[in-house]
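An overview of the molecular structure
Residue-level listing of the chains:
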Amino acid sequence: MLTIKSIRETNPVILNVANMVTPQHVADAINFYGGSPIMFTDEREAAGLTNISSGVVFNMGSTNEATLRNVIASGKVANKRGIPVVIDPVAIGATELRQDNFARAAEAVAFDVIRGNAGEIAYLANVNWQANGIDAGNGDGDVVAIAKKAAHRYHCWVVLSGVKDIVTDGETTYCVDNGHPYFQTNVGSGDMLDGILATAIATEHGLKALVRATATFSIAGELAGEKYPNQPASFFVELYNQLATITDEVIDTRMKIHQV
Ligand SMILES: Nc1ncnc2c1ncn2[C@@H]1O[C@H](COP(=O)(O)OP(=O)(O)O)[C@@H](O)[C@H]1O
Ligand SMILES: Cc1ncsc1CCOP(=O)(O)O
Ligand SMILES: [Mg+2]
């Protein structure tokens, strides 16, 4: 089982192609959870940094030609070396450029995990959904079916986040029922979860590790929300405190997961 102790002992280096908005949030989340974050922007060090990493995260939130080249260069090395790849198709429904960029990345790189909200994963599953920029937006599709369809299409694990998080390999599917509405209020929650997931599977590769990491992040948010019930910004700072101090006992006690 993935434990907090094993994550902290492993202290895996997690390489990030970040977006321009939330790199500090992502680095802090990885760091407080027990990983060792590093970001880069120059393609000349893509291979060298991937080689020293145990997990990579590609955030497609503000990609341009240069960052897309970084994704592809790092992803190819990661695939060759068996280093897990997490990708976040931020706001993919919004523009054709985002869709083309993701397709180019998917053609060159095999992903271990796609993590997105319902609007993003629905786009990848070819299911009609009214996404709202970076936010999930509205749709009446079944999120379990959508996550499974995307997992089949891209042959990888899918984590569809939201009020309930769906974690699936396309066959075995878990629903994580922990969380707090202030996650949605803060920009960067999803990006932080990407880093948490990469840190988890860099420590222990498997669907169960992904489920436990997803629950851990949500439980940290529950604890932060209990401390600051009416202060969404303080919630976000407290989320770091909770990630840094959470224990396996607390996770075991509070975790609400079921197979669907
Ligand atoms: N309304 C909500 N209630 C509880 N947890 C939520 C809610 N919305 C999002 N979360 C949590 O926030 C984190 C980020 O998910 P999400 O907001 O879907 O990503 P993104 O920021 O990419 O849209 C996940 O851990 C998810 O469980
Ligand atoms: C606002 C914004 N614009 C491009 S990426 C980004 C951050 C998205 O963060 P998250 O999806 O984690 O809320
Ligand atoms: Mg997002």
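Now for a quick tour of the structure. (Residues numbered from 1 in each chain as written. Chains lettered and ligands numbered in written order. Predicted model: local features only at pLDDT ≥ 70, side-chain atom pairs only at ≥ 80, totals over all residues.)

Every residue close to ligand 2 is listed here: Asn19, Val21, Thr22, Gly61, Ser62, Val90, Ile134, Val187, Gly188, Ser189, Gly190 and Asp191. Residue composition of the shell around ligand 2, by class: four nonpolar, seven polar and one charged. (Near = placed C-beta within 6 Å. Nonpolar A, V, L, I, M, F, W, Y, C, P; charged D, E, K, R; others polar.)

As a further point, take the pairing of strand S3 (residues 55-59). Consecutive side chains along a regular strand alternate between the two faces of the sheet. Taking burial as the measure, the five residues of S3 include five buried ones, the bulk of the element. Burial along S3 is two-sided: Gly55, Val57 and Asn59 and Val56 and Phe58, pointing in opposite directions, are all buried. In this structure, strand S1 (residues 13-17) lies alongside S3, joined through four bridges in parallel fashion. Counted as the bridge partner of Asn16 is Val57 from S3. Direction of pairing for S3 relative to strand S4 (residues 85-88): parallel, over a ladder of four bridges. (Buried ≥ 20, exposed ≤ 12 C-beta atoms within 10 Å, placed from the backbone. Helix = DSSP H or I, 4+ residues; strand = E, 2+ residues; numbered from the N terminus. Pairing = 2+ DSSP bridges.)

What follows concerns the site of ligand 1. Contacts to ligand 1 come from 17 residues, most closely from Asn117, Ser161, Gly179, Phe183 and Gly190. Breaking the shell around ligand 1 down by element, the ones donating at least two residues are strand S7 (135-138), helix H8 (182-185), helix H9 (189-203) and helix H10 (207-227). With three residues, the single largest contributor to the shell around ligand 1 is H9. Looking at the shell around ligand 1 residue by residue, the classes come out as six nonpolar, nine polar and two charged.

As a packed pair, helix H2 (residues 23-33) and H9 sit with axes 8 Å apart at the nearest point and diverge in direction by 35°. For the element pair H2 and H9, the recorded crossing hand is right-handed. Residues His25, Val26, Ala29, Ile30 and Tyr33 of H2 pack against Asp191, Met192, Gly195, Ile196 and Thr199 of H9. (Axes fitted to C-alpha atoms, helices over the stretch in contact; angles between N-to-C directions. Left-handed = near helix turned anticlockwise from the far one by under 90°. Contact = placed C-beta atoms within 7 Å.)

This brings us to the sheet that holds strand S10 (residues 173-176). Strand order in this open sheet of nine strands is S2-S1-S3-S4-S5-S8-S9-S10-S11, and the pairing throughout is mixed. Only two strands of the sheet have a single neighbouring strand rather than two, namely strand S2 (36-39) and strand S11 (257-259). Each adjacent strand pair in this sheet contributes to an overall mean axis angle of 20°, direction not counted. In this structure, S4 lies alongside strand S5 (residues 113-117), joined through two bridges in parallel fashion. Looking at the pairing, Val86 lines up with Val113 of S5. Against the sheet, H10 touches S5, strand S8 (157-161), strand S9 (165-168), S10 and S11, its axis set at about 165° to S9.

Among the nonpolar cores identified, the biggest contains 80 residues, and Val113, Ile121, Val158, Leu197 and Leu210 are the most heavily contacted of them. With nine residues, the single largest contributor to this core is H10. (Core = buried A, V, L, I, M, F, W, Y, C linked by C-beta atoms within 7 Å.)

This part covers unusual backbone geometry. Backbone geometry at Asn126 places phi at a positive 60°, although glycine is not the residue there. For Asn126, the position within the fold is in the loop between helix H6 (118-124) and strand S6 (130-132). At His155, a residue that is not glycine, the phi angle is positive and equals roughly 50°. Relative to the assigned elements, His155 resides in the loop between helix H7 (143-154) and S8.

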